[in-house]
Amino acid sequence: MVGAFAWFKWEALFRDWAVFAEGLRTTISVTVLALTLALILGIVFGVLGTSQWTFARVISRIYVEFIQNTPLVIQVIFLYHGLPHMGVMLPVFAVGVLSVGVYHGAYIAEVVRAGINSIHRGQMEAALSQGFSFWGAMRHIILPQASRIVLPPLTNQAVNLIKNTSVLAIVAGGDLMYRADSWSSDNIYYGPAYVTVGLLYLLLCLPLATLTRHLERKSGVSS
Amino acid sequence: MKKVGIVLTSLLLVVGLVTGCGSTAPAATPTPSANGLSADVQAIKDRGVLKVGVKVDVPNFGYKDPKTEKVEGFEIDLANVISKKIIGTEKIETTAVTAKTRGPLLDSGSVDLVIATFTVTEVRKKSYNFSDAYFTDGVRLLVKKSSGIKSLKDLDGKKIGVAQSATSKKAIQEQANIVKAKVSFLEFSTYPEIKTALEAGRVDCFSVDGSILFGYLDDSTTILEDSFSPQDYGVASKKGNDGLAKVVNETIAELKTSGELDKMIQKWGLK
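Notes on the structure in this doc start here. (Residues numbered from 1 in each chain as written. Chains lettered and ligands numbered in written order. Predicted model: local features only at pLDDT ≥ 70, side-chain atom pairs only at ≥ 80, totals over all residues.)

Remarks on helix 3 (residues 54-68) of chain A
Residue and element names in this part refer to chain A.
Next up, step 1: Between the first and last C-alpha of helix 3 there are 21 Å, a value that for 15 residues agrees with the 21 Å anticipated at 1.5 Å per step.
Next up, step 2: Buried within helix 3 are the following residues: Ser-60, Val-64 and Ile-67. Within helix 3, the buried residues cover an arc of 80° as seen down the axis, which keeps them to one side. Seen from the buried face of helix 3, the exposed residues on the opposite side, beyond 90 degrees, are Thr-54, Phe-55, Val-58, Ile-62, Glu-65 and Phe-66.
Next up, step 3: Lining the buried residues of helix 3 we find helix 2 (17-49) and helix 5 (92-117). (Helix = DSSP H or I, 4+ residues; strand = E, 2+ residues; numbered from the N terminus. Expected span 1.5 Å × (residues − 1). Buried ≥ 20, exposed ≤ 12 C-beta atoms within 10 Å, placed from the backbone. Arc of directions from axis to C-beta. Contact = placed C-beta atoms within 7 Å.)

A few points about the nonpolar core
Next up, step 1: B:Val54, B:Ala79, B:Leu113, B:Val114 and B:Ile115 are the most contacted members of the largest nonpolar core, which totals 116 residues.
Next up, step 2: With 12 residues, helix 5 of chain A is the single largest residue contributor to this core.
Next up, step 3: Viewed by domain, this core spans two of them, domain 1 (37-134 + 234-267) and domain 2 (138-231) of chain B, each represented by three or more residues.
Next up, step 4: Discounting chain neighbours no more than four positions away, the residues touching B:Val54 are B:Gly62, B:Val71, B:Glu75, B:Ile76, B:Ala79, B:Thr94, B:Ala96, B:Val97, B:Ile115 and B:Ala116. (Core = buried A, V, L, I, M, F, W, Y, C linked by C-beta atoms within 7 Å. Domains from an automatic or database assignment.)

Quick look at unusual backbone geometry
Next up, step 1: Positioned with a positive phi, A:Ala172 is a non-glycine residue whose angle comes to about 55°.
Next up, step 2: Looking at where A:Ala172 falls in the secondary structure, it is placed in the loop between helix 7 (134-164) and helix 8 (176-187).
Next up, step 3: For A:Ala172, a count of 26 C-beta atoms within 10 Å translates into the label buried.
Next up, step 4: At B:Glu69, a position not held by glycine, the phi torsion is positive, near 65°.
Next up, step 5: As for its position among the elements, B:Glu69 is in the loop between strand 3 (62-64) and strand 4 (71-72).

Concerning the sheet that holds strand 3 of chain B
Next up, step 1: In space, the 3 strands of this open sheet follow the order 2-3-4 (chain B), with antiparallel pairing throughout. One side of each edge strand has no neighbouring strand; the edge strands of this open sheet are strand 2 (57-58) and strand 4 of chain B. (Pairing = 2+ DSSP bridges.)

Side note on the pairing of strand 1 (residues 50-54) of chain B
All names here are of chain B.
Next up, step 1: Among the 5 residues in strand 1, 4 count as buried, and that is most of the element.
Next up, step 2: Here strand 1 runs beside strand 5 (residues 92-96); their pairing, made up of 5 bridges, is parallel. Counterpart to Lys-51 in the pairing with strand 5 is Glu-93.
Next up, step 3: For strand 1 and strand 6 (residues 113-115), the ladder comprises 3 bridges, and the chain directions are parallel. Along strand 6, the bridge assignment pairs Gly-53 with Val-114.

Honestly, that's just the spatial picture; any functional story needs more than this.
Shown next, in the form of structure tokens:
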């Protein structure tokens, strides 16, 4: 009887640590770029969602509903296996950044929209009456106030984003999860592999989650 | 410090999980019961059904026919023979496995045996009991006809799709080094995914053991002549269930001497 966590399996893992370090590096780079993309999309579509122009609101709605109501896995598979049939061959790294970024962009858009809506509309009316343009009012009056409310749920989205980069494993994305799958399916030392990868994700996410709680306390969102 | 307490508790839980499962339980030495069967074999006999992990996406080995919903193939037949040997009738319960799940399913006892194009390697023997080989096959390469690739050498600078069970990866790498072709590998968890990747142009070559590959051959693809590093398929069982491993080995040896194994292989058009 050899346990799933037998010591010699751990030794093998420590010997091959470079495999996991490489995966961690990929996961972090995808996370950073995807988060940047998600923030840009989220703010743009979040603001559009609160605008007075019906057309802008409709566009924002379509984006949010379409992305939020289809599984991320399908979106990844479409970008990876589907697009090449239409002559677009994105490298797997780009597939990762794009899919995860666009996916979380939709969620962040909702967060941003809710944040903006929580600011009394009198603020916008006052700014417009003072000669601010719509975007100027957003930039200088509304968003700075909304950001305080939005920050805790936003960091929460960042945590989810990190975890969701693991879907890249199914399209040979080279991320942490893929490395664990690949390494452990060769020697079948899955026990140490998945525990280690789980801890590495924890290591990435826990500081952010702690930051969320800290921000919540500071902004008085939680009691 | 409440916080420190929480962190410590969670750490302890993790450590407990890891070491708890890691402790090697005293090996269950097969004690022959009255009728000469070891305890692990007797347990299967008493249950009246042999639980086997098989592939469902490998034509001719273990394949679930979408029309009949039945799993069939060479490895299913082999499982039935082993079941007959242990229980007296062909009574098996199949569980679909992938390269990723077959190890855990054995460890947890969800299946008694894994007969799923499981390549025997020295490293794997440390974790599981493997029977003698019931099938040996070389690694082959499937490419699109339109790619014009004729041999491994032509794959210089190309991407090869392999399954997550890197024996084929290692075999190709060794051969590629000899012919001085620089290749890279992308791993997927199932064979259909690799085929999809090949069709999408994500990989230039789909490589796995030849007889599996033939199940994916179609009009637009071709299998290259190159064949290397014969891979041994063995029936895997949990370490400790040594009585079961012995019965499996005896069964395979009998099948080999009687020529029955070759007949089964021919029946499924393998080789």
